[in-house]
Amino acid sequence: MTISLTPTLARRLFITKQRLAGDKPQSILDVVRDIGCLQIDPINAVARSHQIVLFSRLGNYDLGELDRLMWHERKLFEYWAHCASIVLTEDYPIFQRLMNEYPWSERTRAWTKENEKLRRYVLAHIRKRGPVLSRQFEEAGIDPKAWVSTGWTSGRNISRMIDILWIGGKIMVTGRDGIQKKWDLSERVLPDWTPREKLNEREVVRRAVQKSLRALGIATPTQINFHFTRGRYPNLQKVLNDLEQEKIISRVQIDGDDPTSRLYKGAWYIHNDDLPLLDDLQNGAWSPRTTLLSPFDNLICDRKRTESLFDFYYRIEIYVPEKKRQYGYYVLPILHGDQLIGRISPKMDREQNKLIVEAVYAEPNAPKSGKVVRQAIEELAVFLKADEIVYGKKMPSVWKRDLK
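Residues numbered from 1 in each chain as written. Predicted model: local features only at pLDDT ≥ 70, side-chain atom pairs only at ≥ 80, totals over all residues. Heavy atoms only, no water.

Trainee: Sorry if this is basic, but what is going on with the overall build of the protein chain here?
Mentor: A count of helical and extended segments in the protein chain gives 16 helices and 15 strands. Relative to a compact globule of 404 residues, whose C-alpha radius of gyration would be 22 Å, the protein chain shows 23 Å and is just as compact. Seen along its three principal axes, the alpha-carbon backbone of the protein chain occupies a region of about 65 × 60 × 40 Å. For the protein chain, with 404 residues in total, the buried portion stands at 54%. In the protein chain, once contacts between residues fewer than 6 apart in sequence are set aside, the share between residues at least 24 apart is 66%. Carbon and sulfur atoms provide 47% of the accessible area of the protein chain, an area that totals close to 19,400 Å². Where the 65 positive side-chain charges of the protein chain centre and where its 52 negative ones centre are 4 Å apart. (Helix = DSSP H or I, 4+ residues; strand = E, 2+ residues; numbered from the N terminus. Rg over C-alpha atoms; globule rule 2.2 N^0.38 Å. Buried < 20%, exposed > 50% of the residue type's maximum accessible area, 1.4 Å probe, protein only. Contact = heavy atoms within 4.5 Å. Areas by Shrake-Rupley, 256 points an atom, 1.4 Å probe, with all protein chains shown as cover. Lys, Arg positive; Asp, Glu negative; His and termini not counted. Charge placed at Lys NZ, Arg CZ, Asp CG, Glu CD.)

Below, the structure is given as structure tokens:
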């Protein structure tokens, strides 16, 4: 039997599973366990993306707690999930399999083979002197074949080899000096309690599918494939069929008569462990919040899903020339209840310790009062420890009085 739910209920389930509604989570680990991973991005216009993702769920939390979990207790580590991400050490068996079977291109495999001397040098240097920063390596005495590309990796042989060793699981990030990574051998980074269970491909996909689906609430196969271990779900449909036959997951359909209902066609799934939560939400157990989201937040990282569930078009304009930007350099969407009601274009002036909100935009479905938006911005300012909030002139007339 297929379970039916409305688009509103689908959104509320997704938002609740993302820990953006209901009681706030108690810890960083609670958040990462529920959403699967925290995508890392180096842009620091406001704060680092993974820090904003945690702020959206926890509020004004202690950044030192994240450092403790990563660099001292080692309960979290950096690896490739959505993209470069922070993931759970308890999920290491999933990632270990992916490390061993990363789908390198023929070109990369050939380059690595030709540069075996460089590979041995990097590993020996880390073994002897680790933890080390990338910039502390020297290529003296080594003549690596140049890595030529049209992108930013061109000619950066040490960096390229470090990436290959990291993705292959030989080395790991053991700390940071600012944004610079410190590298060490994985065997010296991982704690003794790290689970070492050897999983076959089918079991890895079974576990990853369930983590992805539970983070999404309900999802199509394409959406599952885009989350958690993004793009690493061989034989996905076969695994979904098996899980359905075993009554671990169920099919759902979204019944909507709104203009986006055509986007809800096809197979959707829910994890059966989430059926009680779905019942609770259906019976009115909905505790909405208002908060700001990172451009890389797990709620909106799948742009097509965001458009279908929220009717909200969002693209990052960092690489768009300034005069051609529609909204701004680093734009944070505003989540209000089960709707995305607008976006702000902020930047943190660290010299003057001011949060500058250059522009605010409202969606057609936005509430008439801007008080909830002002409160969300003020909560961000508290998290950033800003002394002042400065608003620019670009803001919707409907919210102007409240924001001023």
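Trainee: Can you help me understand the environment of R325 in this one?
Mentor: Topologically, R325 is positioned in the loop between helix 14 (303-310) and strand 12 (332-336). Given a relative accessible area of 22%, R325 falls into the partly exposed group. For the pair R325 and V252, spaced 73 residues apart in sequence, the C-alpha to C-alpha distance is 38 Å. In contact with R325, other than residues within four places in its own chain, are E317, I318 and V320. Here V320 takes part through its backbone oxygen, which lies 3.0 Å from a polar atom of the side chain of R325. (Polar contact = N/O pair within 3.5 Å; in protein donor to acceptor, adjacent residues only side chain to side chain.)

Trainee: Help me understand the packing of aromatic side chains in this model?
Mentor: Within the structure shown, the criterion is met by 13 aromatic pairs. Between F77 and Y92, the ring centres sit 6.2 Å apart and the planes meet at 65 degrees, which makes this aromatic pair edge-to-face. One end of the pair, F77, is in strand 3 (residues 76-80); the other, Y92, is in helix 5 (residues 92-100), with 15 residues separating them in the sequence. Judged by centre distance (6.3 Å) and plane angle (65 degrees), the ring pair of W166 and W183 falls under edge-to-face. Of this pair, W166 sits in helix 8 (residues 157-167) while W183 is found in strand 7 (residues 180-185), placing the two residues 17 residues apart along the sequence. Given the relative accessible area of 2%, W183 is considered buried. Among the aromatic residues, those joined into a cluster by ring pairs are F77, Y79, W80, Y92, F95, W166, W183 and F228. Over the face of the ring belonging to W166 we find K181, whose NZ or CZ atom lies 5.3 Å from the ring centre. Here the basic side chain of R230 rests over the ring of F226, its NZ or CZ set 3.8 Å away from the ring centre. (Phe/Tyr/Trp six-rings, centres within 6.5 Å; stacked < 30°, edge-to-face > 60°. Lys NZ or Arg CZ within 6 Å of the ring centre and 35° of its normal.)

Trainee: Sorry, what's going on with the environment of V46 here?
Mentor: Within the element layout of this structure, V46 appears in the loop between strand 2 (38-39) and helix 3 (49-58). Considered as a pair, V46 and T174 are 128 residues apart in the sequence and their alpha carbons are 25 Å apart. When residues no more than four places from it in sequence are discounted, the contact partners of V46 are I52, Y330, P346, K347, M348, R350, L380 and L384.

Trainee: Would you take a moment to explain the sheet that holds strand 4 (residues 84-88) for this structure?
Mentor: Within a sheet, each strand pairs with its neighbour through backbone hydrogen bonds, oriented either parallel or antiparallel. If you trace the three strands from one edge of the open sheet to the other, you get 2-4-3, paired in antiparallel fashion. Each having just a single partner strand, strand 2 and strand 3 make up the two edges of the open sheet. One ladder, built from two bridges, connects strand 2 with strand 4; its direction is antiparallel. Bridged to Q39 within strand 4 is S85. Across the sheet, helix 5 is in contact with strand 3 and strand 4; its angle to strand 3 comes to roughly 30 degrees. (Pairing = 2+ DSSP bridges. Axes fitted to C-alpha atoms, helices over the stretch in contact; angles between N-to-C directions.)

Trainee: Whenever I open this one, the pairing of strand 9 (residues 249-254) confuses me. Can you help?
Mentor: A regular strand carries its side chains on alternate faces of the sheet. In the sheet, strand 1 (residues 3-5) pairs with strand 9 via three bridges, with the strands oriented parallel. Looking at strand 9, one finds that S4 is bridged to Q253. In this structure, strand 9 lies alongside strand 10 (residues 268-271), joined through four bridges in antiparallel fashion. What sits directly across from R251, in strand 10, is Y269.

Trainee: Please explain the sheet that holds strand 6 (residues 171-177) as it appears in this structure.
Mentor: Within the open sheet, the three strands sit side by side as 5-7-6. Their pairing is antiparallel. Each edge of the open sheet is held by one strand with a lone partner, namely strand 5 (132-133) and strand 6. With respect to the sheet, helix 7 (residues 116-129) is in contact with strand 5, strand 6 and strand 7, its orientation differing from that of strand 7 by roughly 90 degrees. Here helix 8 sits on the sheet in contact with strand 6 and strand 7, set at roughly 120 degrees to strand 6.

Trainee: Would you explain the environment of K17 in this entry?
Mentor: Within the fold, K17 resides in helix 1 (residues 7-17). Since its relative accessible area comes to 11%, K17 is described here as buried. Remark: the alpha-carbon pair of K17 and I35, spanning 18 residues in sequence, is separated by 7.5 Å. Within the structure, the side chain of K17 is placed 2.9 Å from the side chain of D274, a separation counted as a polar contact.

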